[in-house]
Structure formats: structure tokens, C-alpha cells
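Residues per chain are reported as follows:
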Amino acid sequence: MATESIDYASPETKSKVETKVFPRPGQHVTGIVDWLTTIDHKKIGLLYGLTALFFLLLGGIEALLIRSQLWSHNMEILTNRQYNQMFTMHGTTMVFLVIMPLSAAFFNFIMPLQIGARDVAFPRMNTLSLWCFFAGGITLNLSWFFTGGAPAIGWFGYAPLTDTRFAEVMGDMGPDFWVFSLQILGIASLLASFNFITTIINMRAPGMTMMRLPVFTWMTLIVSFLIILAFPAITIALAELMFDRTYGTNFFDFLEGGKPHLWQHLFWIFGHPEVYILILPAMGIVSEIIPVFSRKPLFGYGLIIFSGAIIGFMGFAVWSHHMFTTGMGVVATSAFSILTMLIAIPTGIKIFNWIGTMWGGRIRFDTPMLFALGFITMFMIGGFTGIMHSSVPIDAQHQDSYFVVAHFHYVLIGGALFGLFAGFYFWLPKMSGRLMNEKLGKLVFTLMFIGFNVTFFPMHYLGMIGQPRRTHSYNEGHGFEAWNQIATIGAFVLGIGIAIGIYQFVSSFFNKKLKPAGKNPWDARTIEWTLSSPVKEYNFARTPIIKSRDQAWENNYGPKEKHAQQEALGDHGVHMPDHSWCPLVTALGLFVMVIGLLFRQTIEFAELFIATPYEIAIAGGSLFVLGIVMWALEGPGGYHLFPKETEE
Amino acid sequence: MRRLLALFTRATIATILFTTLFGCSRVDHKQSALDPKGLVSQNQYDVFMLSVWITIFLFCAVGGCLLYVLWKYRAKSKEEAMEIPPQSHGNSKIEASLILISALILVILAIPTLQGVVLMNRVPDANDEETLKKLNLDRSQIEGAITVNVTGKRFFWVFEYPQFGIVTANELVFPANKAVRINLRTEDVIHSFWVPKLAGKMDLMPGQENFMWFIADQEKILSGKPTTEAMPSVFDGKMRQTVFAKQKFSDEFEPVGGLFYGQCAEFCGNSHAYMSFRALAQTDQDFDSWVKRFQNSQNPNLQPSAYNPEEMYNQGAIVTFADKSLGEQAQREYRSTKKIAKAEAPNLSEKSWIKAHSDDYELGKQLFSSLQCVQCHAVNRTGIGAKGPNLTLYGLRTSLAAGWMRNDEKSLSTWLRNSNEVKFGNLMWNGEGVDDTHPLRQLENDDEKVNQLIAYLLGQI
Amino acid sequence: MSEATAHSIEHHEPETSTGIPNKKVLMWAFLGSDCMFFGTLISTHLIYRKISATVGSNYLDIRDLFDIELTSFSTFVLLASSLFMALAVSAIHKGNLTSTRWMLFGTIIFGGIFLACQVYEFTHFVHAPGNELTLSSYRGDPHVFGSTFYLLTGTHGTHVAIGVLWLVGWLIYSFTGRMSVSDAIDVECCGLYWHFVDIVWIIIFPVVYLMEYAF
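Residue indices begin from 1 for each chain and proceed along its sequence in written order. Note on labels: chains are lettered from A, ligands numbered from 1, in written order. Two thresholds apply to this predicted model, a pLDDT of at least 70 for residue-level local features and 80 or more for giving and counting side-chain atom pairs, whereas whole-chain, interface and lining totals are computed over all residues.

**Student:** Could you clarify how one ought to interpret the overall build of chain A in this entry?
**Tutor:** Secondary structure elements follow DSSP: runs of H or I of four or more residues count as helices, runs of E of two or more count as strands, with numbering from the N terminus. Of regular secondary structure, chain A possesses 17 helices and six strands. Its C-alpha atoms give chain A a radius of gyration of 25 Å, near enough to 26 Å, the size a compact globule of 648 residues would have. Reported as C-alpha extents along the three principal axes, the dimensions of chain A are approximately 75 × 65 × 50 Å. Comment: burial labels come from other C-beta atoms within 10 Å of the residue's own C-beta, placed from the backbone, where a count of 20 or more is buried, 12 or fewer is exposed, and between is partly exposed. Burial status across chain A gives 66% buried among its 648 residues. Excluding contacts between residues fewer than 6 apart, the proportion of contacts in chain A whose partners are at least 24 apart in sequence is 83%. The globule rule used for comparison is 2.2 Å times the number of residues to the exponent 0.38, while the radius of gyration itself is calculated over C-alpha atoms. By the criterion used throughout, residues are in contact when their C-beta atoms, derived from the backbone, lie within 7 Å.

Structure, rendered in C-alpha cells:
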């Protein structure tokens, strides 16, 4: 295999296209400015991943505090309000600031590589999503420092508990922070999804037909559609809640005609597709890994994709199974119960197909494969308890008990997080250019697998013997202690496993002792593995012309007519866009505006800075508009690269 | 490779061991859904166990298949790992049959599910003999059903019996042999009514009335023991005695069959965890006696009034006389020891009237007003809409603070002195209009007042 | 931007897999999402419309307040603006800058009239003596109608206002001398947005206003 070399066009050459209204940082910026202004999908992906891993640690610490508080009866590590804040923040953090952005990290980094594109369709918008995600994460966690502390309303924020009428601390600002941070995070997710949809529909390399797309890319597409169709419901619900809290409207105020039921419906119309938004990326990752480590193509490719789409579609038709105990009546509960059971079928298909893929293969047990297998088994258990909950009589006992806690942690940790960790072990060599230590990886897997099961399996039993969710304490004599103690020990083992894993991920970028990965360390099948590791900024020196589904595999082992060809490089070489400050400015404006909207009284900061909330909001809004105007006027910019590539 | 596989197998075995362990451990915990004592919860348990067996079967089938594949097709050497197996892409016949099988399995679960939904939501018709027979119910059990209006408040429960015109709080007394219809309402946020041994939960939604019902199974409650032991009567305090004697607040729980534990299951604020309650099953007779006692206690016409010379009093009648020793304008309750004729002058020394209660009780009663307890708590009246739990016949209750503590002198003393220490954020300590100047918050070191209040409260029998 | 650079940008505009420009796909995806926004708002309004009538002592007859003639007029104006928008898009595709400018101007004016009507309507509703419809009450009684009404029509009004600002941006841009046929796709996206906002109003008008006269 020959190496690639790059010949940079001099920045002063004529090929530099740039309008001078607002100069953009050129291609030679380095260090912090490079990372702040980058519009490279790979760097954005890394930033997403790194931030999400940080929030994973934060949410994990919250989880360990929760577990410590439940060590025995009547513990006083946390007060009840602190505990309620912990589980609210833990839930919100893990869903919106960990699993979703971790998926987004892979979407960003891997998806354009898998379709043979040089970047996403709208690179600057991609950066804006990243900074909006940052702003949302910061906004949510700022709540700790203001009146009332963090929100204590649960990640579901059921009305009317969020109403100011029922605030337990005078002028509690927690729910306001919660509302606004979710709104910003919603903007981030929506923008990213528009981008991914456009990219996958429009930026595929020649010959990359829809039915040749790698499964992970397909799942990206489905998840993006789920996001753009599901997030509006929560955005509107949050807007209504914000109006209720700020302007005294009556959307959820039952004393003045509103209906708390409506909140639940709107929340779960978003919330159930959200579950699939969290799990489908992991399924996509696992569907990539299993064929590679079995050295066989995916069994039933079409069916896996079709069932993914069906799951996504049906995800919009089953939201009320979260509300079986709210008194919806016999007909509605029965209908939603049956629909929910039906979802088990496409999910089952996926598991059958993964096993079918391994059948007759040559299975290697490297760390990514172990995590993928962990995913299958744990997700299976989570899925089975899910089938139980779809049955209304069973759900009547399980709802809001620890059984449900066990169920969704099996799906979200055993499922989503194991899948994402599998993705890290699989693709990090492509990102960092170095292979990770297999032994350490297997240790991480062992710790996580054991810790996870020790933590969450006993919770099924705890739920059945009557421990309710979201309670900071339990009384003596219920027999809850022993199993809670086992769960707490397991949680710490799991925490240690995750912490070592995160250390391993981050250090693989800096540890020069690690072996270089080479182009295709796993002998994998999709075209991102035909690129050098780490991937060059232009991704593909020559755009590949795709001939088959598992292109990298066919290049190595397939018949000649299935080998990929390459497009000739045009006169202008590879057009690379310039860096840009505008997304950062726009997101900053949004952040400041939201902070202004949040506060109701004058803000004083050490006598240096006194402003009314409106002034801050207007200042932020202006910055936001300025960012957009600059964005519109700065023009595409860019420079040209002429990477030399010698054919292998 | 082999070591890893072994590890994986071991992990799976550990999981199975876990399951077995659970199978062996006790399931009759206070709040266990695995120990159903009623028709509805039994049905829910049966459907649950069906689903457990189905999923264990599926887990073994699919998991076994997975293990087999992992073992059979593992790459045994570096060379083998680089081999290229046949590149098959799928098999539509296998896929189709697997889809069909999974759909069939779901049907097995779907049918009892639908039956269960109907059972949960509708009390069977008393005239529908076929259904009653199937459920093994007697017509009278449905016809004699009682109705309870449950109102959830942060953080306690109000139980109103509209048929009998009585109101109690935190301890739901019901006949073990009759259907109980529950209407659920809330005055603030969402709560959820859950007595796992009797029925699954149902939410209390603001602005909406929800319905659920349950019927206990007297045989299961007694499980061969005599009534006095398993289901002692509430109205004369036997239940309280039995529970105190048997049920220690420790890990060693010994169930009294008729005592059920319930809990609010929907997050409702700071003290959500403390919002528990109890349900006490009674024989039909004992229940009737309890209702009688309550009706008498809460009947405004039967409250003791000042002695009236124009009236005739039966033996045991209670009237009030002024008693300066208790304070200015204080009234004390006296009980007649014999039949008192009209205009027979009250002779307190001649033992025709004796003090009905101890001095502490009477002083406690005065404190109950002067410390502003009455503003929130109703005693001997229904007091619908009161902010705090109704305390009528409080001395018969087994628990204190919405089922959180045992209702004895010691706990009550702890509770009265500083309830915030017990239940942080409770509204008696933190509610509207209660601040550091409130008399309630001055009780911490006032042994005398606390003892008087305890005498008054536990004297409500 | 000189002709040469504009040409070179056009040259670099990559060919897409579907042949549809990226910006158009983006706009369609956004509009799909926006459908769900309005869907949620409209269903909230529909759910609450009847319930609000049962709360409070006064029977809610919003017809006393609505001025259906004015709203019909503003509906017509908004629909007419779509015609101008379509003509503007057609003109820029043909490279006719003068016509584009006039048609954009027409769209802005009509959109502006619609907004003015809405502002008038809102102020009138809030201040109608004895008949006030505020965010939380109608005729002084707590109601949800005002909440859903203002949020729904207000969100639509905000959409129109953003559209008008966007069009004003194009109008200003057309005077800088930089506008060329290569901007047609951007104007077309703006047009898509504008038509969508119109279509949404075609749903909102009967659902919020006309329905009160029918059921």
C-alpha cells in the first residue's frame, strides 16, 4: 500500500476563493482557534464525543450518589431534595448530554466516510449544532448555582409538578433552566439531523445507491428522521410550559382548565421515538461490527434496514404505553398494548439476523465484538422485560417501580452504551491512528459487563417486591437493603469500568507507544477502512466509485469487476472550505439570550456588572442575529488541495 | 480466545445463578407484588408469570442459539481467523418463519393481557353469573361493594367513604370479603395509588377522576390462621396491638395477613418517598363495627355538649362542665356512671359523673387548638378539605406520618418535637404560614406539652 | 462578488446524488419538521377548544370577539403574496433582476399587511372592553382558549415575520449588484418557506376561526 502525500496550494495562489466581507480564518490556523472555528466533520465528531464522555462521568457521579443514598434504609447522604435533583439531572444528562451526543459523534465522524463524502452537506451548520449542544449542556448544569438549585422534577417533568404553584422552593429556577437547556439541545439535534438527512440523500459517492449504504448510515438516516419528526412535540410542550411559568397561561394548569394529561401525551410522543433515537445508532454500530468479526456479510441486510425503519415508524404509534396507569380507558390501553407488542417483532428480527450473520463465520473475540455480544444479550433481556411492560396488567404493577428502572437501564446501558463503547473500540483506531490495548479493553468489558449486571439485575426483583422509583429513602422492614447494597457495589464496579474505558479512549490520542493502526486493522468491510488512519482532512483523495455493498472487503477479496474505481481529480483539486467564527458567535448569542430570558430579576455580578434580564436577552439576541448576518455574508471561502495518491 | 469464551460463558452462568437465587429468596415482603392477596393482583401476577416463562423460554432458545454459534464458529487459531467463509447474504424462508413464530408467541401473551385490562377497569356485573363463576366470586361480594374516594395530597392520603359519610386518612379500612371501588382524585400534583398485594397502581390525575377496584381474598389473608391473629379487628384496637407485638420495624418482618402496605408511586415532590399508606382488611362484622364507631365519632349531633338540666342522660353519656383547674373557660368531659334524670343537679363528687379523660388529655386537647393544630387537622368531624390528615380515632391507627413510623408514644414524641427531622420537607413543618414563630416549632424541648398532646392524640380511641 | 468568483463557486457546487440541490433538501426536511411543530400546536388548540368552554361561569362564545371579515381579508392578502413569491422565483431563474426586485417587494408588502392585521387583531382582542381575550382568561374568567390561540397564531405570525425579514434581506441584497442567477436556489428556498407558511395559514384559518362558526 502506498502512502498519500499532500501538496498544499499556497494560500496566495489564485485558486483561493474568498469574499472579503468578513475574512474567515484560513487553513493554517492551529491550536485552540482551529478547534473553535473548525468545520471539519471529524473534529466536530471528536468534540461531540469528548464532551459527551465528560458528561458521562458527571452523570455517572450523580448515579453513584443516588446508589450510595440507597445503600440502606433511611440513609442521609443526600437530603430528599438533593436526591430528587440528582435523579432529574442524571436522567436528563444521560439522555440528552451523553447517549444522543455520543451517537452524534459517530454520525459526524463515520457517516460521511461511509458514504464517500468529503464532509457533511452544511459544514458550518454542523459546527453550530455542536456549539448549541455545548450551550445546552452548560445551561442545564448552571442550574445548580441559582435559586432552588438543579431542577427536582424528574427528566419527564410531569405537569403540574413543574407549575410555579407547586414549587417547593420560592422562586425555584431549576425547571426554567431545564426548559431552556432542552430547547437549545433541541435546536442542536434538529440542525444536525437536517444536515445528516441532506448529506445521506445527496452526498453519496457515485455508485453508492441507497441499498449499498452501510447499515450504520441507514440508522443515521432513520434516527435523523425520527429526530426531526419527534422533537417538535417536545419543543412545543416546553414552550407551553415556559409560557405557563412565565406568562401565566393555562396549558397545564388544571385549576384553570388546562390538562396535565396533555403534557404526558406531548412528552411521550417525543419520548418514545426518543427511545429509538437512543438505541438505533447502537444497533447500527453492532450491525457493522458483527459482520467484520465474523468475516461474513450481514445476514438479511434489507430486512435489518426495513425493521429499523419499521421500529422508527411504529415508535410514533406506541407512546401511550408510558401512560397505562393514567386512566386512559379500556380501549386506548388495549390498543397501545397490542401495538407495543408488535414492535417486538422487528426488534427480534434484528437479533435473529445478527446470529445469522455469525452462523458459519470465523468469529474473533476482539473488544469491539465482545461489546457487541454484550449488547445483544443485554438488549435481549431489556427487550424481554419491555414485552412484559407492554402488557397492561403487568405494567400496572411494574410502572414506576425498580423493575422499570432495571428495564430501561438494560436497554440504555446494556443496549445503547455497550453499543457505543463497541463503536469506540471499533472506530477509535480510525480516529486516532493507533490501536488500543486489547487487554485493557477486555478488562473494561469485563468490569462493565459484570458491574452492570450486578447493579441492574437485582432491580427487577426489588421492583417486584415493591420498591418504588424516585424515592430517596425507604423504610426498615421491606427487605430492600441487601439487594440495594449489591446493586450499589455493582454500580461502583460499572463506574470504574467506564472510567477506565474513557481513560483508554482519550489516552489513545496521546499515547505514542501504541501501535499504529494502519488503514484496516480489523479487515473490515466498509469504505472508511480504505482511508489512512487517522483520516486526512479531505477524507478521500479521489472520490471512490462504488461497485458493491461491502466495498473495502470486495476491494481485497472480491472479483475484479467489483473493485472500487476512483474519480479523476479535477483541475481545482479538492475544494476545502475555510474555518469560520460565525457558528460560535451565533451559538454564543443564543446562549446569552437564553440566560437573559431565564432570569426574572436584575442580575448583579460582583458590582461590576448590573443588567436587567431584558438587556441581556437583547444583547444575546443581537449577537445571534449578527452571527447569522456574518454567516450569510462571509461567503463560502475555501482553498484547494491537490493530494497525490498512488494507486495500490 | 478460548479464555474469553469461557469468561463469556461464565458470565451467562452467573446470570442464570442470579435468577435461581431470586427464585429461592422470599417473596412475601410487605409490599411485594409477588405475593398477591386479591383477585386483581392475582390476575396481574398470573399474566406476569406467563410472560416470565415465555421470556425465559425465548432467552434460553435465542441465547442458547447464540452460544452454540459462538462456540461452533469461533476462530480457533490466527490462521483460521483469516479464512474467508462462504459469503451468504440471508435466507428469506428462515426469516419469514421466525417472524411468524414470534408473532404467535405474542398472541399467547396478548389474550390474557386483554382479559386483564377489562378485569382491572371494570367491576364484574353482579348479574353476570358466568363471569362471576369464572372469577370464583359470589354475587353478594359484588352487591355489597363499598366505595372509597381517595384524595391524594402532598404528602398523605384522604380516604372518604361516601356510603357511610365518614372520612379517615392514611389507613384504609376495608372488608376483606367485598369488592372495593376506588375513585381517585388529587388536589395538587399527580400521585399514584399502589397496594401491590391487592392491585396494580392507578394514577391520581389533577382535574380528572380515575377508577380502580380490588377485592381481597379472605382465605389467602388468613392462610389457615384464626381471624384474631391474621385479621384482628381495628375498631377495638386489637389490630394495633397485634401489629405492634408482631411487626417490628426491622428487617425481620412477620406479616399480619390483614395489613397491607401501599405507597405513592408517582413522583410528587420533595417528600414523595414518605407518601406511603396502609390498608387494613377486616371481616364483614368488624368492618361494620368500625364504620359504626367512626360514624358516631364524626356525627356532629353526638359530640359532647355542655350539661343541660332539661335533658335526661343515659349511663355512659358524655357531657362537658366548666373546669377552672384546666384554665379559664375550660371545659372538661365527664361520663355519667348511671342514668341521670332531668334537672338532677350535677354532683361531681357523688360519682354520678366521673372524669372521662385524664388531665393530660384535656390539656392536650386545649393545646391542640391553641397550637393551631385544628387549623389543618380534623378530629371527630369529617373536615373535608382540611389541609392535614383527619385524626378521628387516631389512637386506633397502626402508623404515623403517612405510614412511615409506628404509631406509639416514642415515635409520636419524635414526630411532634421535630417532624422535619423525620420527614424533611413535610408540610406540617414547612407548609404555608408555618415559620419559626409558629407554636408548633417551639415544641422541641417542651416535654410537658408534648406529653399532653400525645395523651390527647393516642386517647382518640 | 465578481462574476468570475461567482462562476468559480458555481463550478465547485458539487453534483448531488439525487440531482436536487442540497439547500432544497434541507428546506424540505425543515418544512417536514415544521409540519410537526404546527401539528402539535393545532392539536393542542383542538383538544382545548371545547374544554375551555366548560370552565368558568361565562359561556365562551369567541364569535363575539372575532372579526371574521378582517381575518378573511388578511387571509386573502397572505395567499395573494404567494403569487408574488412564485413570480419572484420564476423571475430570478430567468435572470430578470428588475422583475425579481418588484415581485419581492410585492411579497414583502402583502406579508407586511398580513402582519399588520394580526398585530391589530391581537391588540384589539387583548383590549376589547368587557370581552378581553388574554393569554390566561376570557372575559375575566380563566380560560385556555387565549393560551392556545395566541401561541398558535403567534407562532405562525413569527414565521411570517421571519419570512418578511428574509425577503427584505434579499431585497437589500438585490441593490448591492451581487445578485445573480446563482442565487436562484436560495430565493427558491425562501419561496418554499413562504409557500409553506401560507399553506399552514390555510389550515389555521378554518381550524381556529371558521370552526367557531360551524361547531
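**Student:** Looking at this model, I keep getting lost on the interface of chain A and chain C. Mind explaining?
**Tutor:** Frequently, the measure chosen for interface size is the accessible area removed from exposure when the parts meet. Listed per partner, the contact involves 34 residues of chain A and 32 residues of chain C. For the side of chain A that touches chain C, the elements supplying multiple residues, two or more each, are α5 (174-202), α6 (215-247) and α7 (260-294) of chain A. Split into classes, the residues belonging to the side of chain A that touches chain C amount to 19 nonpolar, twelve polar and three charged. In this classification, the charged set is Asp, Glu, Lys and Arg, the nonpolar set is Ala, Val, Leu, Ile, Met, Phe, Trp, Tyr, Cys and Pro, and all remaining amino acids, among them Gly, are polar.

**Student:** Before we go on, may I ask you to explain the domain arrangement of chain A in this structure?
**Tutor:** Residues and elements named next belong to chain A. Residue ranges for the domains originate in an automatic or database domain assignment. When the domains of chain A are assigned, the result is domain 1 (1-39 + 581-648) and domain 2 (40-576). On a C-alpha basis, the centroid separation for the pair domain 1 and domain 2 is 28 Å. Taken together, the contact between domain 1 and domain 2 spans 25 residues of the former and 30 residues of the latter. Taken together, the elements giving at least two residues each to the side of domain 1 that touches domain 2 come down to α16 (582-598) and β6 (639-641).

**Student:** Explain the confidence of the model for chain C here, please?
**Tutor:** Residue and element names in this part refer to chain C. Residue-level pLDDT values for chain C average 86, and 88% of them are 70 or greater. The quantity known as pLDDT measures the predictor's confidence residue by residue, on a range of 0 to 100. Across residues 1-12, confidence stays below pLDDT 50; counting only partners more than four residues off in sequence or on other chains, it has 14 contacts. In the predicted complex, the global pTM is 0.91; the interface-specific ipTM is 0.90.

**Student:** I keep staring at the interface of chain B and chain A and nothing clicks. Help me out?
**Tutor:** On the side of chain A, 85 residues touch chain B, which itself brings 90 residues to the contact. Contributions of two or more residues to the side of chain B that touches chain A are made by α1 (2-24), α2 (39-72), α3 (78-81), α4 (92-121) and β7 (199-204) of chain B. Here the side of chain B that touches chain A takes 15 residues from α4 of chain B, the largest share from any one element. Broken down by class, the residue content of the side of chain B that touches chain A amounts to 50 nonpolar, 29 polar and eleven charged.

**Student:** Would you explain the environment of serine 413 of chain B in this entry?
**Tutor:** Residue and element names in this part refer to chain B. Counting through the fold element by element, serine 413 comes out in helix α12 (residues 409-417). A C-alpha to C-alpha distance of 8.8 Å links serine 413 and aspartate 447, two positions 34 residues apart in sequence. In contact with serine 413, other than residues within four places in its own chain, are Val450 and Ile454.

**Student:** How do you make sense of the sheet that holds strand β11 (residues 305-306) of chain B when you look at a structure like this?
**Tutor:** Think of a sheet as strands paired side by side through backbone hydrogen bonds, with each pair either parallel or antiparallel. All names here are of chain B. Following DSSP output, two strands are said to pair if at least two bridges run between them. Pairing in this open sheet of four strands is mixed, and the strands run β11-β12-β13-β14 from one edge to the other. For this open sheet the edge positions go to β11 and β14 (353-355), each flanked by a neighbour on one side alone. As defined by bridge partners, strand β12 (residues 318-322) adjoins strand β13 (residues 331-336) across five bridges and the pair is classed as antiparallel. Bridge pairing links alanine 322 to glutamine 331 in β13.

**Student:** Can you help me understand the sheet that holds strand β3 (residues 166-169) of chain B in this one?
**Tutor:** Residue and element names in this part refer to chain B. If you walk across this open sheet you meet the five strands as β3-β2-β1-β5-β8, and the pairing is mixed. The two strands at the open ends of the sheet, each matched to only one other strand, are β3 and β8 (210-215). Strand-to-strand twist in this sheet, taken as the mean axis angle between neighbours without regard to direction, amounts to 25°. Inspection of the sheet shows strand β1 (residues 146-153) paired to strand β5 (residues 179-186) by seven bridges, in the parallel sense. Comment: axis = line fitted to C-alpha atoms, over the contacting stretch for helices; angle = value between 0 and 180 degrees taken between N-to-C directions.

**Student:** Please clarify how the nonpolar core should be interpreted in this entry.
**Tutor:** In a soluble, globular protein the nonpolar side chains are often hidden away together inside. Core analysis: the biggest nonpolar cluster contains 358 residues, and Cys132 and Ala422 of chain A have the highest contact counts within it. Dropping the residues within four chain positions of it, cysteine 132 of chain A is found in contact with Ile184, Ile187, Ala188, Leu191, Ala587 and Leu590 of chain A. As used throughout, a nonpolar core is a set of buried Ala, Val, Leu, Ile, Met, Phe, Trp, Tyr and Cys residues joined through C-beta atoms within 7 Å of each other.

**Student:** Explain the arrangement of the chains here, please?
**Tutor:** Across the two pairs of chains that are in contact, the largest number of contacts falls between chains A and B. In this view chain B stays clear of chain C, with the nearest C-alpha atoms of the two still 11 Å from each other.

**Student:** For this particular structure, what's the right way to read the pairing of strand β2 (residues 156-161) of chain B?
**Tutor:** The side chains of a regular strand alternate between both faces of the sheet. Residues and elements named next belong to chain B. Extensive coverage of β2 is indicated by the burial of six of its six residues. Side-chain alternation along β2 places Phe156, Val158 and Glu160 on one buried face and Trp157, Phe159 and Tyr161 on a second face that is also buried. As paired strands, β1 and β2 are joined by five bridges and run antiparallel to one another. Opposite asparagine 149, over in β2, you have glutamate 160 as the bridge partner. If you look at the hairpin formed by β1 and β2, you'll find two residues sitting between the two strands. With four bridges connecting them, β2 and β3 associate as antiparallel partners. In the sheet register, glutamate 160 faces β3, and the bridge partner there is valine 167. The turn linking β2 back onto β3 is made up of four residues, and glycine 165 within it adopts a positive phi angle of 70°.

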